[in-house]
Protein chains: 2
Amino acid sequence: MKNIEDYKNEFKKKGLKLTGQRLKVLKVIQERPREHLSAEEIYSLVKEDDPGIGIATVYRTLSLLENMQLVKKIHLYDDYMRYEAVEPDEEHEHHHLICNYCGTIKDIHEDLLEDLEKNVEQKTGFQVHNHRVLLFGTCKSCALENK
Amino acid sequence: MKNIEDYKNEFKKKGLKLTGQRLKVLKVIQERPREHLSAEEIYSLVKEDDPGIGIATVYRTLSLLENMQLVKKIHLYDDYMRYEAVEPDEEHEHHHLICNYCGTIKDIHEDLLEDLEKNVEQKTGFQVHNHRVLLFGTCKSCALENK
DNA sequence: CTACTTGCAAACGTTTTGCATTTGA
DNA sequence: TCAAATGCAAAACGTTTGCAAGTAG
């Protein structure tokens, strides 16, 4: 999934239109792959290009993109829902390191729990399809500052 | 932490009062250790005993109990914040198995990631203090139904 | 007694919706 | 052409707050 034509086809399949607004929202998210943007942040970034856009459109677009699996909605550490681009070749979710001091979020792309998933399935009969891991602690620079 | 006197002392230390409303909220949560109740659910459960209670009191009590570490506020899979009793001898958080079909949440109390935490610290310099794991999949009974 | 707590209603911030208008295909 | 999409404003949602009245200690 890369160029505009691909997206157009994805939309067409479902009888949807690839409007300028939708393209701009998608672009803003994809250009910032590690920023975990909130709806409000996406809104103001898109507004720079398109001052007329309404926040309702942003929300409607976000839930559309979520349904189309182009964007993932996550809850991390605070009271906001955040959005990140789905990386198409990622089999499982990636995970997040959250610093308790400065709030920085770092992604880790290792698949952490493959063994564990099998283990849980055997013990409980629950078939695990995916996992999400949050690691809380102190990032390198905060550790140095507070030493 | 078990009987009312213990709680009374905990509150007294901070100049707080252990009112009937606070006790009822605490009781409702502690009697349902695996139910991950939302504020609204807690409100209606307490109302059965005390129809006059206001939802503002429930929210104020919940954030008080959270600060006192008697209750933990978590976000699982939907748009609600949920509350569960803190289990006093639990060193790390426990984790959650979430069924994609019926929404059931099961707790698992194993400490899943001790090795991994060390691994991440070595690789990234991020000191991990705690972790939260969500496992998504299909629970036993849904697997049987949809077979 | 009196500081802490409550219930109520109003306010809050984020997200959703209704509707008349515009637009992409 | 016309269903789909937009912008606006109003509503909805869970949560918080101000305030006068009530209450635990």
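Residues numbered from 1 in each chain as written. Chains lettered and ligands numbered in written order. Predicted model: local features only at pLDDT ≥ 70, side-chain atom pairs only at ≥ 80, totals over all residues. Heavy atoms only, no water.

1. Brief notes about the environment of Lys73 of chain A
- With respect to the helices and strands, the residue Lys73 of chain A is situated in strand 2 (residues 71-75).
- Residue Lys73 of chain A is classed as partly exposed on the basis of its relative accessible area, which comes to 26%.
- With 64 residues separating them along the chain, Lys73 of chain A and Asn9 of chain A place their C-alpha atoms 23 Å apart.
- Leaving out residues up to four positions away in the same chain, Lys73 of chain A has contacts with Glu66, Met81, Arg82 and Tyr83 of chain A together with Asp79 of chain B. (Helix = DSSP H or I, 4+ residues; strand = E, 2+ residues; numbered from the N terminus. Buried < 20%, exposed > 50% of the residue type's maximum accessible area, 1.4 Å probe, protein only. Contact = heavy atoms within 4.5 Å.)

2. Details of the relation of the copies chain B and chain A
- Placing chain B over chain A gives an RMSD of 0.3 Å and needs a rotation angle of 178°, together with 0.1 Å of translation along the axis. Considering both components of the superposition, the chain copies are consistent with a two-fold axis. Relative to the rotation axis, the closest C-alpha in chain B is found at Val133 of chain B, a distance of 2.2 Å.
- Most of the interface of chain B is mirrored in chain A, where 100% of its interface residues again form contacts. (Least-squares fit on C-alpha atoms with pLDDT ≥ 70 in both.)

3. Quick notes on the domain arrangement of chain A
Residues and elements named next belong to chain A.
- Domain boundaries assigned for chain A yield domain 1 (4-85) and domain 2 (95-145).
- Taking only C-alpha atoms, the centre of domain 1 and the centre of domain 2 are 25 Å apart.
- With seven residues of domain 1 in contact, the opposing surface of domain 2 contributes nine residues.
- Carbon and sulfur atoms supply 61% of the area that domain 1 and domain 2 bury against each other, a total of about 710 Å² over both sides.
- Our count for the contact surface shared by domain 1 and domain 2 stands at three residue pairs in polar contact (both at pLDDT 80 or more).
- In terms of residue class, the side of domain 1 that touches domain 2 is built from four nonpolar, one polar and two charged. (Domains from an automatic or database assignment. Buried area = accessible area lost by both parts, 1.4 Å probe. Polar contact = N/O pair within 3.5 Å; in protein donor to acceptor, adjacent residues only side chain to side chain. Nonpolar A, V, L, I, M, F, W, Y, C, P; charged D, E, K, R; others polar.)

4. Things to note about the protein's contact with DNA strand D
- The environment of DNA strand D is formed by 20 residues, the closest being Lys17, Thr19, Arg22 and Thr57 of chain A together with Tyr59 of chain B.
- Of what DNA strand D places within 4 Å of the protein, 73% of the atoms are sugar or phosphate.
- One of the backbone nitrogen or oxygen atoms of Gly54 of chain A is found 3.1 Å away from a phosphate oxygen of DNA strand D.
- Between DNA strand D and Tyr80 of chain B there is a distance of 3.3 Å, counted from a phosphate oxygen to a side-chain nitrogen or oxygen.
- Contributions of two or more residues to the surface near DNA strand D are made by helix 2 (20-30) and helix 4 (55-67) of chain A together with helix 4 (55-67) of chain B.
- When its residues are assigned to classes, the surface near DNA strand D shows nine nonpolar, six polar and five charged. (Near = heavy atom within 4 Å.)

5. Observations concerning the packing of helix 2 of chain A against helix 4 of chain A
Residues and elements named next belong to chain A.
- The N-to-C vectors of helix 2 and helix 4 enclose an angle of 70°; their axes lie 10 Å apart at closest approach. By the criterion of interaxial angle, the relationship of helix 2 to helix 4 is roughly perpendicular. Of the two possible hands of crossing, helix 2 and helix 4 adopt the one that is right-handed. Contacts from Gln21, Arg22, Val25, Leu26 and Ile29 of helix 2 reach helix 4 at Thr57, Val58, Thr61, Leu62, Leu64 and Leu65. (Axes fitted to C-alpha atoms, helices over the stretch in contact; angles between N-to-C directions. Parallel < 35°, antiparallel > 145°, perpendicular 65-115°, else oblique. Left-handed = near helix turned anticlockwise from the far one by under 90°.)

6. Quick notes on the interface of chain B and chain A
- With 34 residues of chain B in contact, the opposing surface of chain A contributes 34 residues.
- The contact between chain B and chain A buries some 2900 Å² in all, and 63% of this surface belongs to carbon and sulfur atoms.
- The largest contributions to the chain B side of the interface with chain A come from Phe126, Arg132 and Phe136 of chain B, which together make up 22% of the buried area.
- Counting the contacts that link chain B with chain A gives 11 residue pairs in polar contact (both at pLDDT 80 or more).
- Contributions of two or more residues to the side of chain B that touches chain A are made by strand 2 (71-75), strand 4 (95-99), helix 5 (114-124), strand 6 (127-138) and helix 6 (140-145) of chain B.
- Among the elements that make up the side of chain B that touches chain A, the one with the highest residue count is strand 6 of chain B (12 residues).
- Classifying every residue of the side of chain B that touches chain A by side-chain character gives 16 nonpolar, 10 polar and eight charged.

7. Concerning the side chain of His75 of chain B
- Looking at the secondary structure, you find His75 of chain B in strand 2.
- A relative accessible area of 9% places His75 of chain B in the buried class.
- Reaching out from His75 of chain B, the side chain makes a polar contact with the side chain of His75 of chain A at a distance of 3.4 Å.
- Beyond its immediate chain neighbours, meaning those up to four positions away, His75 of chain B contacts His75 and Met81 of chain A together with Tyr80 and Met81 of chain B.

8. Quick look at the protein's contact with DNA strand C
- With respect to spatial proximity, 20 residues lie near DNA strand C, and among them Tyr59 of chain A together with Lys17, Thr19, Arg22 and Thr57 of chain B are the closest.
- Within 4 Å of the protein, the contacting atoms of DNA strand C are drawn from sugar and phosphate to the extent of 68%.
- Gly52 of chain B is positioned with one of its backbone polar atoms (N or O) 3.4 Å from a phosphate oxygen of DNA strand C.
- Those elements giving two or more residues to the surface near DNA strand C turn out to be helix 4 of chain A together with helix 2 (20-30) and helix 4 of chain B.

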